[in-house]
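# Residue-level structural notes
These are the residues of each chain, in order.
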Amino acid sequence: MVISNLPHFRYLLIGSLFVLVTLFFSLDSQASRDANAFHTTEEFAFFTTLTDSLPRGYNGLFAGSGECVQCHGFDTAMIASLDPQGNDINLVDDWRATMMANSAKDPFWRAKVSHEVLLHPQYMEAIETKCTTCHAPLGHFAAFHQGAESYSIDDMVNDSIALDGVSCLACHQQSEENLGNGHSGELVFETEKLAFGPFISPLSSPMLEASQYEPVYSPHISDAGVCAGCHTLITETVDLEGNFTGGTYVEQATYHEWLNSNYAVDNVSCQSCHMPTLQKGQFYLAAGFETVPRDKFALHELAGANVNMLKLMRDNAAELQISATPQDFDAVITATENMLRFRTMEVALTDLDRTADTAFVALRLTNMAGHKFPSGYPSRRAFVSLVVRTAEGDTLFHSGEYDANYELTGHDASYEPHYATIRSADQVQIYEQVLGDVNNQKTTVLLRAASALKDNRIPPKGFTQSHAVYDTTRISGEALFDTDFNINELGEGSGSDVVYYHIPTLGYLDELDITATVYYQSMPPKWMAEMFAESTPEIDLFVEMFNEAERTPSLVGEDELTMAGIVGLQPVTPTLNAEVFLASDRQLLVQAPVATELTIYNYLGQQLQQQRLSAGSTSVPLQFKRQIIIVYLNSPEGTFTRTLWVN
C-alpha cells in the first residue's frame, strides 16, 4: 500500500530489481553454460514482466505473445536464439516491429475501415467483423469461439490480445483443416492448446510448463496455405447508393498469384522468402531450458515491401501504443529494403538505335517474387523513372519524375494507362491495380469495387491465363494487348515486361547517359486523396502522421547505359512512308515506295536478319523462333521502325 502511493519509490524498487536480476544473470551465465542449464523459468518470467509490454494471459482460445517471449525472446544468458556468429536472432524481437505484429494498430488500415464505414454506415457491423478476421485474429476468433456473432473495432481496441495483431498463435495454432482452400479471413484454428511447429519430436515439457501449450510437429506450418486465408480477399460489391449488386471483386489475391506461378510448382513457399531459414550451425530455440539444438532456424523478420509504413509506425510508436523499439523497427526496415532491392526485380536497359532526333531503348523488367509485383492491397504501385542526361549533365528527358509530395508529374487525371511504348516525358509506366465502380469510374472505396480498370502488375514467372485461378488473378486493361507483357520467345509465363522508349533528343547529337530506376510506393498521394477528403478521428490522425512521414519512394532496381553520340549527322531523317505486316505463314510483308535496307533486331538489340528490298511489296521469310522483333527500314528518303510479336 505504501509503495503504490509513492510512485517514485515504486520505480526505484523496480529499477533496483532490474539491475539485480541482470547482475545475477551476468554473474551466473558462465556457470549456466558449463552446466548446460540457463536460468530458471521463474527467473526469466520475472525478468520479462519488468521489461516487456507484450500481452499475457489466455482469452479462451489463444495466448498473448507475452506468454511466448520468456522462451523465444532475448536470452540474457546469450545461449538460445543466436546465429553461428553469436548475433541475437530471437523470434519475438524480429516479429514485434513487423507489419504482421502491428496489423491491428496500423493507422492506414484503421483509417480505411473508418472511411468505408463512414460511406456505408448500414454495413458497419459486417465491415468491421470482416476486417478484424485478419488484422486482429486472436480477438476476433476467440470471440466467435465463445458465441459472439460480430466483432467490432471497439471490441478490438479494448482487447489487449486482439491488439497483438497477427501474433504467434495466429499462425502456429492454425489447423491443417481446409488449408489453402479458404479466403477472406476463413481460418480454422485448433481449439486445444497446441502450437504447431516444423521440428520433429519436440521436447514438450518446457513449453507446457511455461505456457500450457504443447508443441506439436506438423509439416503444414511450413505450407503456403497458412497464408492463404488472409492473403486472398473477395469483397461484395455495392452500387453508388449502397445497394448490393450481387457481384464480387477480388481485392487482393497474393496466394492465388503464387498458385499461378513456378514457385508453387517448385514448392517454394511464402515462408521460403519471407521467413528465410538459417541452415548452417546449431541453434537452441528456447531460453531457460535445456533442449536439443536444432540444425535450422526460421527468421521471423517477415519482410515485405512496406518501408514507408514501417517508418511511420516507428516514428509514432508511442501514440500508436507499439512496444517495438526503434532498433527493432530499423532491423525490419533494413530487411524490407533488402527484399525490395535485391530479391524483387531484375532491371535491364538495352540500347536499340539512335537517329538524329530520337534515341531508342528497351527496358526489360523481370519479376523475381512468387506473386505479382506489386501485390496485396490495391493502393500499392511501382513505377519507372527513366532519365536521359547529356554529356554535360543536363536533363534532356525524364519520364516518371515525382514532385515534392511524391506524386508523379504528368499523371493522367484518372489513371495512367499501361504503355508498350513511351514517347514523351508526360507518359510514365505505372504497375498497379485500378478499381472501377459500377459505372466504370475509378474508385478507391473497396465496397464499390466492381471491376479492374487496369491491372498490369507484373506476374510471377510461370503465370498463365489458362491456370485454374486466373479468374482471381486477371490481367486487365492495355497490358492484355501488349505483345511482350508476360511473354517472351518461349511463350507465356516470362514474368516480365518490356517497355520501349522513343526518346526525343531535340537535336542533341553527343553521347547520352540513360538511367532506368524502378520505385515502389505503398501509399501514393493520389490514391489517398479520396479518403483524405473525408473526416473521421482515424482518418484525421492518419493524415497528420502521413503528412509528417518520410515517404520517399523505395528503390527496387536500377540499370544504366551510355549511348554513343552521332556528331556530324546534322539533318533529321524523315519517316519513310512504309507498312509492315505479319502473315500467318511466318512471312514479313513489307511495302515501301523506294528500295530499302531491312534490318530485324530482337529486343536486346541483336541483329537477327538483314537484306536489301526493292520498291513495292516484298515477302520476307523469317529465319528465327517466336519472339519480339524490331523491324527497321533505312533508305535515302527516310527510315521506318515497327515492333512486332512473331508467333
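Structure first, text after, so check above.
So, here's what we can say about the structure. (Residues numbered from 1 in each chain as written. Predicted model: local features only at pLDDT ≥ 70, side-chain atom pairs only at ≥ 80, totals over all residues. Heavy atoms only, no water.)

## Regarding the overall build of the protein
In plain terms, the rule: A run of H or I in DSSP counts as a helix once it spans at least four residues, and a run of E counts as a strand once it spans at least two, with each numbered from the N terminus. Residue exposure (1.4 Å probe, protein chains only): buried if accessible area is under 20% of the type maximum, exposed if over 50%, otherwise partly exposed. Residue contacts follow a heavy-atom distance rule, with two residues in contact if any of their heavy atoms lie within 4.5 Å. All accessibility values rest on the Shrake-Rupley procedure with a 1.4 Å probe; residue burial counts only the protein chains present in the view. Counting rule for charge: Lys and Arg are taken as positive, Asp and Glu as negative, and neither His nor the chain ends is counted. In this description, the location of a charge corresponds to atom NZ of lysine, CZ of arginine, CG of aspartate or CD of glutamate.
Within the protein, the regular secondary structure consists of 19 helices and 27 strands. Over its C-alpha atoms, taken along the principal directions, the protein stretches across nearly 100 × 60 × 45 Å. Counting the 647 residues in the protein, one finds 53% classified as buried. Look at the contacts in the protein between residues 6 or more apart in sequence, and 66% of them connect residues 24 or more apart. As displayed, the protein offers around 28,200 Å² of accessible surface, 52% of which is attributable to carbon and sulfur atoms. Each charge class in the protein was averaged separately, 36 positive and 81 negative side chains, and the resulting centres sit 4 Å apart.

## Comments concerning the state of the cysteines
Inclusion rule: The disulfide criterion used throughout: a pair of cysteine sulfur atoms within 2.5 Å.
Scanning all chains against the criterion turns up 1 disulfide. Across the disulfide, Cys134 is cross-linked to Cys230 (sulfur-sulfur distance 2.0 Å). Judged by the torsion about the S-S bond (-95°), the Cys134/Cys230 disulfide is left-handed. Of this pair, Cys134 sits in helix α6 (residues 124–135) while Cys230 sits in the loop between α11 (225–228) and β3 (232–238), and the two are 96 residues apart along the sequence. In this model Cys171 remains outside any disulfide bridge; the closest cysteine sulfur is found in Cys227, 6.8 Å from its own. The cysteine Cys227 is free of any disulfide, with Cys270 supplying the nearest cysteine sulfur at 3.9 Å.

## A word on the environment of Asn90
We count it as follows: Throughout this description, a polar contact denotes any pair of N or O atoms lying within 3.5 Å of each other; where both atoms belong to protein, one of them has to be capable of donating a hydrogen while the other can accept it, and for residues adjacent in sequence the pair is counted only when both atoms sit in side chains.
Secondary-structure assignment places Asn90 in the loop between α3 (69–72) and α4 (91–95). Asn90 sits in the buried class, given a relative accessible area of 1%. Separated by 432 residues in the primary sequence, Asn90 and Ser522 place their C-alpha atoms 28 Å from one another. Discounting residues that sit within four places of it in the chain, Asn90 has contacts with His72, Gly73, Phe74 and Ser81. One polar contact links Asn90 to Asp88, side chain to side chain, over a distance of 2.8 Å. Polar contacts involving the side chain of Asn90 include one to the main-chain amide nitrogen of Asp93, which spans 2.8 Å.

## A few points about the pairing of strand β9 (residues 381–390)
Formally: At least two DSSP bridges between two strands are needed for those strands to be called paired.
In terms of residue burial, β9 counts as a mostly covered element, since 9 of its 10 residues are buried. Relative to strand β19 (residues 512–521), β9 is paired through 10 bridges, and the arrangement is antiparallel. Bridge pairing in β19 places Val384 opposite Val518. Bridge count for β9 against strand β10 (residues 395–399) is 4 bridges, and the pairing is antiparallel. Bridge assignment links Val387 to a residue of β10, and that residue is His398. What sits between the antiparallel neighbours β9 and β10 is a turn of 4 residues, in which Gly393 has the positive phi angle 95°.

## Focus: the pattern of salt bridges
Going by this rule: By definition, a salt bridge exists where a carboxyl oxygen of Asp or Glu is found within 4 Å of a side-chain nitrogen of Lys or Arg.
Following the criterion strictly, the structure yields 12 salt bridges and no others. In this structure, Glu116 and Lys112 form a salt bridge, with 2.4 Å as the shortest nitrogen-oxygen distance. Taken as a pair, Glu116 and Lys112 lie in helix α5 (residues 107–119) at a separation of 4 residues, close to a single helical turn. Grouping residues by exposure puts Glu116 and Lys112 together as buried.

## Observations regarding the packing of aromatic side chains
The line we're drawing: Pairing of aromatic rings covers Phe, Tyr and the six-membered ring of Trp, with a centre-to-centre limit of 6.5 Å; geometry is then stacked below 30 degrees between planes, edge-to-face above 60, and tilted otherwise. A positively charged side chain is recorded as over a ring if its NZ (Lys) or CZ (Arg) lies within 6 Å of the ring centre. The angle to the ring normal must also be within 35 degrees.
Overall, the coordinates contain 18 aromatic pairs when judged by the stated rule. Aromatic pair Phe383 and Tyr402: ring centres 6.3 Å apart, planes at 80°, arrangement edge-to-face. One end of the pair, Phe383, is in strand β9; the other, Tyr402, is in the loop between β10 and β11 (421–422), with 19 residues separating them in the sequence. What makes Tyr402 partly exposed here is its relative accessible area of 27%. Every member of this aromatic cluster is reached through a ring pair, and the members are Phe108, Tyr377, Trp527, Phe532, Phe542 and Phe546. The lysine or arginine in question, Lys193, covers the ring of Tyr58, its NZ or CZ lying 3.9 Å from the ring centre. When the ring centre of Phe546 is taken as reference, the NZ or CZ atom of Arg551 above it lies at 4.1 Å.

## Comments concerning the sheet that holds strand β26 (residues 627–635)
The line we're drawing: Think of each axis as a best-fit line through the C-alpha atoms, taken over the contacting stretch in the case of a helix, with angles from 0 to 180 degrees between the N-to-C directions.
Spatially, β24-β23-β26-β27 is the arrangement adopted by the 4 strands of the open sheet, whose pairing is antiparallel. Where the open sheet ends on each side, the last strands, each with one partner, are β24 (607–613) and β27 (638–646). In this sheet, neighbouring strand axes are inclined to one another by 15° on average, regardless of whether the strands run parallel or antiparallel. Taken together, the 6 bridges between strand β23 (residues 596–602) and β24 define a ladder with antiparallel strand orientation. The partner of Thr596 across the bridge, within β24, is Leu613.

## As for empty space enclosed by the protein
Quick reminder of the rule: Here a cavity is any set of points on a 1 Å grid over the protein atoms alone where a 1.4 Å probe fits but cannot get out, and a pocket is any open set with protein on both sides within 12 Å along at least 5 of 7 lines; a residue lines the site when it has an atom within 4 Å of a point. Grid points are joined across faces, edges and corners, and a volume is the space filled by probe spheres set on the points. Gly is placed with the polar residues, together with every amino acid not listed as nonpolar (Ala, Val, Leu, Ile, Met, Phe, Trp, Tyr, Cys and Pro) or charged (Asp, Glu, Lys and Arg).
For the structure on display, the rule yields 4 cavities of 30 Å³ or more. When its volume is computed, the largest cavity comes out at roughly 130 Å³. Looking at the largest cavity, it is lined by 17 residues, and the ones nearest its centre are Arg381, Glu432, Val434, Lys442 and Trp527. Elements with a contribution of two residues or more to the lining of the largest cavity: β13 (433–436), β14 (442–443) and α18 (525–532). Its residues assigned to classes, the lining of the largest cavity comprises 6 nonpolar, 6 polar and 5 charged.

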